[in-house]
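# Overview (structure and organization)
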Amino acid sequence: MEVYDKDFLNCYQQFAYERGVFSRPFLNYMYAIVPYIIAENE
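Here's what I pulled together on the structure shown here. (Residues numbered from 1 in each chain as written. Predicted model: local features only at pLDDT ≥ 70, side-chain atom pairs only at ≥ 80, totals over all residues. Heavy atoms only, no water.)

## Concerning a nonpolar patch on the surface
- Judged by side-chain polarity, Phe26, Leu27, Tyr29 and Tyr31 come together as a nonpolar surface patch covering roughly 410 Å² of accessible area.
- Residue Tyr29 is classed as partly exposed on the basis of its relative accessible area, which comes to 35%. (Patch = residues over 30% accessible without salt bridge, like charges linked within 9 Å, V, L, I, M, F, W, Y side chains within 5 Å. Areas by Shrake-Rupley, 256 points an atom, 1.4 Å probe, with all protein chains shown as cover. Salt bridge = Lys/Arg side-chain N within 4 Å of Asp/Glu carboxyl O. Buried < 20%, exposed > 50% of the residue type's maximum accessible area, 1.4 Å probe, protein only.)

Structural data, given as structure tokens:
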């Protein structure tokens, strides 16, 4: 995901983390990091 305002990335990263999504901001981009090991029902 690309954004124009870098401050949005910090807010989004915290929002996503609280919901179990790990993300990594880099410059104006946000990368979502999917888990390598998940249960079948997930």
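Moving on from the coordinates now.
## Things to note about the pairing of strand E2 (residues 29–33)
- As judged from the five bridges shared by strand E1 (residues 22–26) and E2, these two strands associate in the antiparallel manner. In the sheet register, Ser23 faces E2, and the bridge partner there is Ala32.
- Hairpin connection from E1 to E2: two residues lie between these consecutive antiparallel strands, with Leu27 at a positive phi of about 55 degrees. (Pairing = 2+ DSSP bridges. Helix = DSSP H or I, 4+ residues; strand = E, 2+ residues; numbered from the N terminus.)

## Let's talk about the pattern of salt bridges
- Applying the stated criterion to the full structure yields one salt bridge.
- Put simply, Arg19 and Glu18 hold a salt bridge, and the shortest N to O gap is 3.7 Å.
- Here Arg19 falls in the exposed class, since its relative accessible area comes to 52%.
- Overall, the relative accessible area of 54% leaves Glu18 in the exposed class.

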